[in-house]
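Spelled out, the chains give:
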Amino acid sequence: MSGQVIAAIARKDLTDAIRNRYLLVALLTPLSVALLLRLMLPDVNRLNNFTIVVHDPDRSTLVSQLRAVPQLKLVDVDSAATARDEVEKIKAAGALVIPAGFDADVAAGKQPKLTVYVNNKKNSIEQASFRGLVERQVKSLDQRPPPAEITWINVREEADSQTGRGINLSQMLLPLLLLLTFGMTGALVVPLLLVEEKEKRTMDFLLTSPARLSEVIVGKALTGIVYSVLIAGVLLALNRQLIGNWPLTMLTILLGLLLIVAMGLLMGSIFQTTMQVNTWASLVLLVLIAPSFPFPGSPAVLEAAMRFIPTYYFIEALKLSLTGTNVPRLWGQLTVVLACTLVAFFAVIWTMRRAQN
Amino acid sequence: MNSIEVDGLSRTFNDLQAVDRISFTVEAGEVFGFLGHNGAGKTTTIRMLSGQLRPTAGRARVAGCDVTTEQGRLRPLVGVVSENQNLYERMSGRENLAFAARLYGTNPGRVDEVLQQVDMLERAGDNVRHYSNGMKQRLLIARALLHRPQIIFLDEPTRGLDPVVAREIRRLVIQLASQGVTVFLTTHYMEEADELCRRVAFLSEGRIVALDTPDNLKMAHGQKSLKATLNTGQTLTIALDDEAAGKHLEELVSGGHLRTLHSTEATLEEVFIQIAGRGLSE
């Protein structure tokens, strides 16, 4: 592999892509959406700075995980009865009442009941964010969902009880925006970079030059990665306080964007015209970002279907890395992401070589 | 010394035999014409000789490199002007060449040299999409020359160009040959091949059906006769291998009866039709 050739191709594409209005729109859309949401949701950066009241007689894993999150402040109370009053008194985001033997019941798959008080005097964004945090933490306890049955209780309305519901803003926004960014780059920009070379026959020029096919593919991938990293960097900067574990989040994002760039290259290697890409890109984009949509109370079959989409594992890994919890499970998800990426890259090389001959 | 040596080269696409056991050699510095109708296998041959496409059978060495096993060494030694004007249209002419220079590791200063050579220096900063066909063709030639190749493949370089630009391209080809560059030229235009090429090969349905100098081909397949038009409007055909031809001509000239006199040497087009059984445009 020649670094000079790869750099030349990537440099050409980086400047050429922004001269293409279609590609420029595709690149700037996620950024525009992020900025718009930032303007609409000014508190989004402070979502995880919670005070949470806990009653945890058996010192459960769940509360230990919460204590490890630096943005959280946990206040212990002696009884379940005082938890709710304490929330109002200290203006906490909510309270968790952990039943005795919680860890053992989770391990045994008994789905123990977890009572969560939500301070509904807080604004809806903070409430949603708190609910999301609790859901993520509970989900991370075990591979088999759901590990526990959550009963949500608003501190001012005893009767308003919801099980496993409520929008999950932090879970939804940043992963969704990142996946939208990578999806736009992967499903639109990268395939078009490759398809244009074929359609305009400039690929013939590249392949009579010292560039080898693998170098052309890596050059295109590099272009997609650079654009994704730049836009993802802005998104992360805007939402930096949502990130619990920076190294793991960066690793997850890198592997995720490699996955989607590889899938974009695969599209580019299969399709022959820009019209084909334009026709299919929206559908592919929708499928790619589907795992980032919250489907509250979704049927098991939908959950199962999502597992066939490679980006599902990226989103799961991203949610875990954002909270910095359940690292072993995170590695498992990242392994799946890496495996899918490698399969996609090999498929690209195979498809292109086959087409070339 | 041969620049190109081809021995039994073949290429099939599924059931289609695009190129069928062709063999020929091209000397260094020669302008070699490869003529044939659409689908005869000209472009497939160029793609194989320039290392873009693997032959199904046979062997070829270009600039001393085996086209199947030494593609990496071959590519910097050849330049290809494709029949498609495959330029980056959102980039300027200079940016196109600068990109090619980076791929080949060529000194960036060479870009302006080749732009000057094809007389494109003034418009080099314009976007390629605003270029005429002739300008694009000149830029393609400049790109193919950028890395100083030993051999240049020109695939239909004057197709669709107006006569003035086509003449300019032909002037460039002659200039290249004078500099020692081997030119492998495919064209539909027989007059062009006749003017430029030292030797031509006729390709029909993937096979070489004739290979010689244009003069030899014309001599071998043309009539040895003269066509005379008299002042009365009458036309006569005078066979040159007739012993009485000289006397007959002398009488016509001395008697002042002759209005015009033409040789009836066959054109390359006519030779091609005779050999291949159909014309280039069919």
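Definitions and limits used
Residues numbered from 1 in each chain as written. Chains lettered and ligands numbered in written order. Predicted model: local features only at pLDDT ≥ 70, side-chain atom pairs only at ≥ 80, totals over all residues. Helix = DSSP H or I, 4+ residues; strand = E, 2+ residues; numbered from the N terminus. Contact = placed C-beta atoms within 7 Å. Nonpolar A, V, L, I, M, F, W, Y, C, P; charged D, E, K, R; others polar. Axes fitted to C-alpha atoms, helices over the stretch in contact; angles between N-to-C directions. Parallel < 35°, antiparallel > 145°, perpendicular 65-115°, else oblique. Left-handed = near helix turned anticlockwise from the far one by under 90°. Buried ≥ 20, exposed ≤ 12 C-beta atoms within 10 Å, placed from the backbone. Pairing = 2+ DSSP bridges. Core = buried A, V, L, I, M, F, W, Y, C linked by C-beta atoms within 7 Å. Arc of directions from axis to C-beta. pLDDT = per-residue confidence, 0-100.

Turning next to the overall build of chain B. Scanning chain B from terminus to terminus reveals 10 helices and 13 strands. With respect to the principal axes defined by its C-alpha atoms, chain B has extents near 70 × 45 × 35 Å. Contacts in chain B between residues far apart in sequence, at least 24 positions, make up 66% of those at least 6 positions apart.

Before going further, it helps to examine the interface of chain B and chain A. In this complex, chain B contributes 19 residues to the contact, which on the side of chain A involves 18 residues. Looking at the side of chain B that touches chain A, the element that brings in the most residues is helix H3 (residues 93-104) of chain B, giving 5 residues. Taken together, the residues of the side of chain B that touches chain A sort by class into 8 nonpolar, 7 polar and 4 charged.

So, about the packing of H3(B) against helix H4 (residues 110-117) of chain B. Residue and element names in this part refer to chain B. At a closest axis distance of 9 Å, the pairing of H3 and H4 adopts a crossing angle of 130°. In terms of orientation, H3 lies oblique with respect to H4. In this structure, H3 meets H4 at a crossing whose hand is right-handed. Residues Arg 94, Leu 97, Ala 98 and Ala 101 of H3 form the contact with H4, whose participating residues are Arg 110, Val 111, Val 114 and Leu 115.

Further remarks concern unusual backbone geometry. Glycine aside, negative phi is the norm for most residues, and most peptide bonds take the trans geometry. All names here are of chain B. At Asn 14, a position not held by glycine, the phi torsion is positive, near 55°. Mapped onto the elements, Asn 14 comes out in the loop between strand E1 (2-13) and strand E2 (16-27). We classify Asn 14 as exposed; it has 4 C-beta atoms within 10 Å. The backbone phi angle of Glu 156 is positive, close to 50°, even though this residue is not glycine. With respect to the helices and strands, the residue Glu 156 is situated in the loop between strand E7 (151-155) and helix H6 (163-178).

Turning our attention to the packing of helix H9 (residues 213-238) of chain A against helix H10 (residues 246-270) of chain A. Residue and element names in this part refer to chain A. Where H9 contacts H10, the two axes come as close as 10 Å, and the packing angle between them is 135°. Taken as axis vectors, H9 and H10 run oblique relative to one another. Along this stretch, H9 crosses H10, giving a crossing that reads as right-handed. Within the contact between the two elements, H9 uses Ile 217, Lys 220, Ala 221, Gly 224, Ile 225, Ser 228 and Ala 232 and H10 uses Ile 253, Leu 257, Val 261, Gly 264 and Leu 265. Here the residues of the contact of H9 with H10 sort into 8 nonpolar, 3 polar and 1 charged.

Residues and elements named next belong to chain B. In space, the 3 strands of this open sheet follow the order E12-E11-E13, with antiparallel pairing throughout. Since the sheet does not close on itself, it has two edges, and those belong to strand E12 (235-239) and strand E13 (258-263), each with one partner. Here the strands of the sheet are splayed against their neighbours by 25° on average, with no regard to which way each runs. Where helix H9 (residues 245-254) meets the sheet, its contacts fall on strand E11 (225-230), E12 and E13, and the angle it forms with E12 comes to roughly 145°.

Moving on to the nonpolar core. Ranked by internal contacts, the top residues of the largest apolar core, which has 148 residues, are Val189(A), Ala262(A), Ala142(B), Phe153(B), Val183(B) and Leu185(B). The leading source of residues in this core is helix H7 (residues 169-199) of chain A, at 17 residues. Among residues more than four places away in sequence, those in contact with Ala262(A) are Thr341(A), Ala344(A), Phe345(A) and Val348(A). Core analysis: the second largest hydrophobic core is formed by 31 residues, Val63(A), Leu66(A), Leu114(A) and Val134(A) among them.

A separate point is the pairing of E11(B). Residues and elements named next belong to chain B. Sheet topology note: the E11/E12 ladder contains 5 bridges and is antiparallel. From the neighbouring strand, Thr 229 faces E12, where its bridge partner is Thr 235. Pairing analysis gives 5 bridges linking E11 to E13, with the strands arranged antiparallel. For Ala 228, the partnering residue across the bridge sits in E13 and is Leu 261.

Another point: helix H3 (residues 61-68) of chain A. Among the residues making up H3(A), those that are buried are Leu62(A), Val63(A) and Leu66(A). An end-on view of H3(A) places all buried positions within 90° of arc, on one side of the element.

Summing up the model confidence of chain A, the mean pLDDT is 82 and the portion of residues at 70 or higher is 86%. Below pLDDT 50 for its whole length, residues 158-168 of chain A participates in 25 contacts with residues either more than four positions away or in separate chains.

This part is about the sheet that holds E7(B). Residues and elements named next belong to chain B. Spatial strand order, E6-E7-E8-E3-E9-E10: 6 strands in an open sheet with mixed pairing. Both outer strands of the open sheet, strand E6 (78-81) and strand E10 (207-212), are each paired with one neighbouring strand and no more. Each adjacent strand pair in this sheet contributes to an overall mean axis angle of 15°, direction not counted. Of the strand pairs in this sheet, strand E9 (residues 199-204) and E10 are connected by 5 bridges, and their pairing is antiparallel. In the strand pairing of E10, Leu 203 is matched with Ile 208. Most of the contacts of helix H5 (residues 133-145) go to E6, to which it runs at about 165°, and overall it touches E6 and E7.

Residue and element names in this part refer to chain B. Here Phe 34 is to be found in strand E3 (residues 31-36). Residue classification places Phe 34 among the buried residues on the basis of 29 C-beta atoms within 10 Å. When the C-alpha atoms of Phe 34 and Ala 201 are compared, they prove to be 5.0 Å apart, with 167 residues separating the residues in sequence.

Glancing now at the environment of Ala245(B). Residue and element names in this part refer to chain B. Within the secondary structure, Ala 245 sits in helix H9. Accessibility expressed as a C-beta count within 10 Å gives 15 for Ala 245, which makes it partly exposed. Once the C-alpha coordinates of Ala 245 and Ser 225 are considered, the two residues, 20 residues apart in sequence, prove to be 9.3 Å apart. The residues contacting Ala 245, other than those within four sequence positions of it, are Ile 238, Ala 239 and Leu 240.

Another point: H9(B). Counting buried positions along H9(B) gives 0 out of 10 residues, so the element sits mostly on the surface. Note on H9(B): the residue one or two positions beyond its end, Gly256(B), has a positive phi of about 70°.

Time to look at the pairing of E3(B). Residues and elements named next belong to chain B. Counting buried positions along E3 yields 6 of 6 residues, so the element is predominantly enclosed. On E3, burial covers both faces: Val 31, Gly 33 and Leu 35 on one face and Phe 32, Phe 34 and Gly 36 on the other are all buried. Summarising the sheet, E3 and strand E8 (residues 182-187) pair through 5 bridges and their orientation is parallel. Directly across from Gly 33, in E8, lies its bridge partner Leu 185.

A separate point is the environment of Asn120(A). All names here are of chain A. Considering the arrangement of structural elements, one finds Asn 120 in the loop between strand E4 (113-118) and helix H6 (124-139). The partly exposed category is assigned to Asn 120, around which 17 C-beta atoms lie within 10 Å. As for Asn 120 and Asp 13, which are separated by 107 residues in sequence, their C-alpha atoms are 51 Å apart.

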